Amino acid sequence: MAIRSVILGVGASAPERIVTNYDLEKLMDTSHDWIIQRTGISERRMVDEGGKWSDFVVPGCLMAMERAGVKAEELDMVIAGTMTADMMMPSGGCTIQSLIGAKNAVAFSLSAACSGFIYGLTVADRFIRTEPDMKILVIGADLISQRLDWEDRSTAILFGDGGGAAVLTGREGERGILSTRMYSDGDLWDLLYVSGGGTLDPAFNEASIKPHAIKMKGNELFKVAVKSMGQACLNALEEAGVKAEDIDLVVPHQANLRIINKVISRLGLDMEKVIINVDKYGNTSAGTIPLALNDAYEAGRIKEGDLVLMPVFGGGLTWGATLLRW
Ligand code: ACO
């Protein structure tokens with residue numbers, strides 16, 4: 001029987017501070033109605049001033065480890081899918097390794113913007129296929145609120161802070177990852193990017209937020225997101241020999257409710273099978289899928305044996321999809 005990568009436990013967390021659409025109305029020329037209609041977002045979480053990425057990432061990791069019954073020193077690898085860790089160096093993976101005490105693990109970060117968690121699952125899956133005893137903590141989490149230009153209403157309303165983690169290991173049987181795919185197209189980088197802080201535009205002596213804020217071509221990105229995520233889902237299903245109608249639950253990247261609606265209708269599925277929490281958290285980049293997976297788990301919406309599909313899309317451009325049997 002095949003060895004597959006199984007999620008032993010999932011956890012998530014987000015800062016406590018809630019920022020509603022009504023709060024944003026006071027900061028810029030926008031309205032709750034416009035944001036709800038165009039995106040489905042009602043509120044998002046944001047760190048307080050001085051807050052940092054690891055503050056809310058560690059509780060999500062500890063929750064996943066407790067549910068998995070795996071202690072920090074048993075972890076062999078920590079993969080952090082993020083673009084907003086506490087420091088440029090060390091990596092977010094090493095920061096979390098130290099904070100949770102995963103002293104026997106190798107830790108690193110993986111930069112794939114919103115796709116970080118699905119890229120992390122894919123890398124973990126490849127390791128587990130060759131070394132099934134490995135226990136791997138995969139993190140997807142971002143602190144985007146410090147990367148927002150409050151004078152750009154078309155991006156500032158979309159994002160929030162949060163994320164989560166999953167612990168994986170190899171198990172014989174039907175459960176686990178059936179197919180996981182990742183894709184990229186660097187030619188489309190300028191649909192979504194942050195230039196400041198890299199070597200092209202170093203941060204030294206910068207007084208302005210502008211180079212460090214997210215820039216986005218929303219309309220173009222919307223179309224590419226629908227097309228790429230839809231195709232990634234179809235490819236993952238085909239590779240696993242699974243029909244779309246057999247999917248029990250879709251846990252998609254939560255960027256915009258309209259994008260999710262279109263991807264789901266392309267798959268011919270009912271929205272009742274889809275986990276939506278973009279209304280509560282906005283787009284937390286690499287954090288959206290673990291946050292939504294954790295919501296589904298805590299609400300009892302995932303049962304053992306369910307087929308779960310998790311499509312994602314983000315800056316790079318990057319995209320992908322993981323199909324697993326829970
Ligand atoms: N409040 C009020 N009006 C606004 C706002 C706002 N916050 N933002 C833009 N508008 C205005 C625009 O100025 C424009 O006005 P005009 O017609 O007078 O010029 C009008 O609303 C329509 O603007 P569009 O950009 O055409 O609106 P659209 O329906 O495309 O929605 C949005 C914009 C929500 C950004 C959409 O394009 C989108 O979601 N794109 C996908 C990108 C995305 O989700 N990115 C997240 C990161 S990517 C990822 O995670 C994968």
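This write-up is about the structure you can find in this document. Predicted, not measured: the structure shown is a model, and the values here were computed from it.

1. Quick word on the sheet that holds strand 12 (residues 307-314)
In step 1: In spatial order, the strands read 8-13-12-11; together these 4 strands make up an open sheet with mixed pairing. At either end of the open sheet lies a strand with only one pairing partner, and these are strand 8 (176-184) and strand 11 (249-250).
In step 2: Alignment of strand 11 against strand 12, held across 2 bridges, turns out to be parallel. In the strand pairing of strand 12, valine 250 is matched with leucine 309.
In step 3: Packing against the sheet, helix 7 (residues 218-240) makes contact with strand 8, strand 12 and strand 13 (318-325), and its axis sits at approximately 145° to strand 8.

2. Here's the deal with the side chain of serine 179
In step 1: Looking at the element boundaries, serine 179 is found in strand 8.
In step 2: Overall, the relative accessible area of 0% leaves serine 179 in the buried class.
In step 3: Within the structure, serine 179 has its side chain in polar contact with the backbone oxygen of alanine 236 (distance 3.3 Å).
In step 4: Engagement of the side chain of serine 179 in a polar contact is seen with the side chain of glutamate 239, the distance being 3.2 Å.
In step 5: Discounting chain neighbours no more than four positions away, the residues touching serine 179 are Ala236, Glu239, Ala240, Ala321, Thr322 and Leu323.

3. Looking at the sheet that holds strand 5 (residues 106-110)
In step 1: Strand order in this open sheet of 5 strands is 1-7-6-4-5, and the pairing throughout is mixed. Either end of the sheet is taken by a strand with one partner, and the two such strands are strand 1 (3-13) and strand 5. When the angles between neighbouring strand axes are averaged without regard to direction, this sheet yields 20°.
In step 2: Relative to strand 6 (residues 136-143), strand 4 (residues 77-81) is paired through 5 bridges, and the arrangement is parallel. Across the sheet, the residue bridging to isoleucine 79 is valine 138, located in strand 6.

4. Concerning the nonpolar core
One recurring pattern in soluble globular proteins is that nonpolar side chains are buried together.
In step 1: Judged by nonpolar contacts, the single largest core of 46 residues is most densely connected at Leu237, Val242, Ile247, Ile259, Leu309, Phe313 and Leu323.
In step 2: Looking at this core, the elements that each hand over two or more residues are strand 8, helix 7, helix 8 (257-266), strand 12 and strand 13.
In step 3: When residues of this core are assigned to their parent elements, the largest contribution, 9 residues, is made by helix 7.
In step 4: Formed jointly, this core draws a minimum of three residues from each of two domains, domain 1 (3-174) and domain 2 (178-325).
In step 5: For leucine 323, the residues in contact, after removing those within four places along its chain, are Gly176, Ile177, Leu178, Ser179, Ala236, Leu237, Ala240, Val242, Ile247, Leu307, Val308 and Leu309.
In step 6: With 31 residues, the next largest nonpolar core counts Leu110, Phe117, Ala124 and Val138 among its residues.

Parameters and conventions
- Residues numbered from 1 in each chain as written.
- Predicted model: local features only at pLDDT ≥ 70, side-chain atom pairs only at ≥ 80, totals over all residues.
- Heavy atoms only, no water.
- Pairing = 2+ DSSP bridges.
- Helix = DSSP H or I, 4+ residues; strand = E, 2+ residues; numbered from the N terminus.
- Contact = heavy atoms within 4.5 Å.
- Axes fitted to C-alpha atoms, helices over the stretch in contact; angles between N-to-C directions.
- Buried < 20%, exposed > 50% of the residue type's maximum accessible area, 1.4 Å probe, protein only.
- Polar contact = N/O pair within 3.5 Å; in protein donor to acceptor, adjacent residues only side chain to side chain.
- Core = buried A, V, L, I, M, F, W, Y, C linked by side-chain atoms within 4.5 Å.
- Domains from an automatic or database assignment.

Geometric descriptors of this kind do not, in isolation, establish any biological role.
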